[in-house]
Amino acid sequence: DAGVTQSPTHLIKTRGQQVTLRCSPKSGHDTVSWYQQALGQGPQFIFQYYEEEERQRGNFPDRFSGHQFPNYSSELNVNALLLGDSALYLCASRRRTGSKTNYGYTFGSGTRLTVV
Amino acid sequence: GQQVMQIPQYQHVQEGEDFTTYCNSSTTLSNIQWYKQRPGGHPVFLIQLVKSGEVKKQKRLTFQFGEAKKNSSLHITATQTTDVGTYFCAGPSRGSTLGRLYFGRGTQLTVWP
């Protein structure tokens, strides 16, 4: 059990469509980051949410947007899907407060998105 | 921009042999983290190193953080088939301990029985 829950696990969409991916962080965690992992690559940072605001953003176009809810859960939205958006989308959470203890992120099992 | 590089990309060893993966950052890091991703799985946090020259051990795994805090290594002694997976190093944004992580491309380890 990863502690971070993502849904759905798999998704097939057509080019041009829109998709919403969901993430529930590990209990006690308040910070959520989203990563895109292409086959054979390391995870690439999309953005991070804390206190319901986007705090950091990677090099992804505006087609990628997100949201964090008061219960710390988060959504990743991708508009106008391209074939190149096919990847594993990972949600990672950690506890920000008291973060000087320094520990790593807990990742979810991911959503495998295929764009056809 | 900030980059994290890992070598080798692939490593095939026979069970019982040792394995080492190396990680280099283009910038000085406040910390370095290591993750393991099993085939078809998700990254799992292994360890974080913070201090210059730090060495940490987890059973057969030894992690080192370079003196300049720009490089790191993971060494596995006497590999087992359960060690199969891709090992990633990751460092935070320059000047940060939180937030964005820059991941290396990973080293994919295959262990023959």
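A brief report on the enclosed structure follows.

Criteria and thresholds
Residues numbered from 1 in each chain as written. Chains lettered and ligands numbered in written order. Predicted model: local features only at pLDDT ≥ 70, side-chain atom pairs only at ≥ 80, totals over all residues. Heavy atoms only, no water. Salt bridge = Lys/Arg side-chain N within 4 Å of Asp/Glu carboxyl O. Helix = DSSP H or I, 4+ residues; strand = E, 2+ residues; numbered from the N terminus. Buried < 20%, exposed > 50% of the residue type's maximum accessible area, 1.4 Å probe, protein only. Contact = heavy atoms within 4.5 Å. Buried area = accessible area lost by both parts, 1.4 Å probe. Polar contact = N/O pair within 3.5 Å; in protein donor to acceptor, adjacent residues only side chain to side chain. Nonpolar A, V, L, I, M, F, W, Y, C, P; charged D, E, K, R; others polar. Pairing = 2+ DSSP bridges.

1. Focus: the pattern of salt bridges
Residues and elements named next belong to chain A. For the coordinates displayed, the defined rule picks out 6 salt bridges over all chains. With its nearest N and O atoms 3.4 Å apart, the salt bridge here joins Glu75 to Arg22. Taken together, the positions of Glu75 in strand 8 (residues 74-78) and Arg22 in strand 3 (residues 19-24) put the pair 53 residues apart, joining distant regions of the chain. Residue Arg22 is classed as partly exposed on the basis of its relative accessible area, which comes to 41%.

2. A word on the environment of Asn71 of chain B
Residue and element names in this part refer to chain B. Mapping Asn71 onto the fold places it in strand 8 (residues 71-76). Judged by relative accessible area, which is 34%, Asn71 ranks as partly exposed. Placed 49 residues apart in sequence, Asn71 and Tyr22 show a C-alpha to C-alpha distance of 7.5 Å. Ignoring any residue separated from it by four or fewer positions in sequence, one finds Asn71 in contact with Cys23, Asn24, Gln64, Phe65 and Gly66.

3. Structural notes on the interface of chain A and chain B
Facing the 25 residues of chain A at the interface are 19 residues of chain B. Taken together, the two surfaces of chain A and chain B that pack against each other cover about 1,800 Å², and 51% of this comes from carbon and sulfur. For the pair chain A and chain B, the interface holds 0 salt bridges. At the boundary of chain A and chain B, one finds 5 residue pairs in polar contact (both at pLDDT 80 or more). Among the elements of the structure, strand 4 (31-37), strand 5 (44-50), strand 6 (53-57) and strand 9 (87-94) of chain A are those that each provide at least two residues to the side of chain A that touches chain B. In terms of residue count, strand 9 of chain A provides more of the side of chain A that touches chain B than any other element does, 3 residues in total. Broken down by class, the residue content of the side of chain A that touches chain B amounts to 9 nonpolar, 13 polar and 3 charged.

4. Notes on the pairing of strand 8 of chain A
Residue and element names in this part refer to chain A. Taken across its 5 residues, strand 8 has 5 buried, putting it largely inside the fold. Judged by which residues are buried, strand 8 turns out to be covered on both faces: Ser74, Leu76 and Val78 on one side and Glu75 and Asn77 on the other are all buried. Bridging between strand 3 and strand 8 involves 5 bridges; their strand directions are antiparallel. If you follow Arg22 over to strand 8, its bridge partner there is Glu75. Relative to strand 8, strand 7 (residues 64-68) runs antiparallel, the two sharing 5 bridges. Opposite Ser65, over in strand 8, you have Asn77 as the bridge partner.

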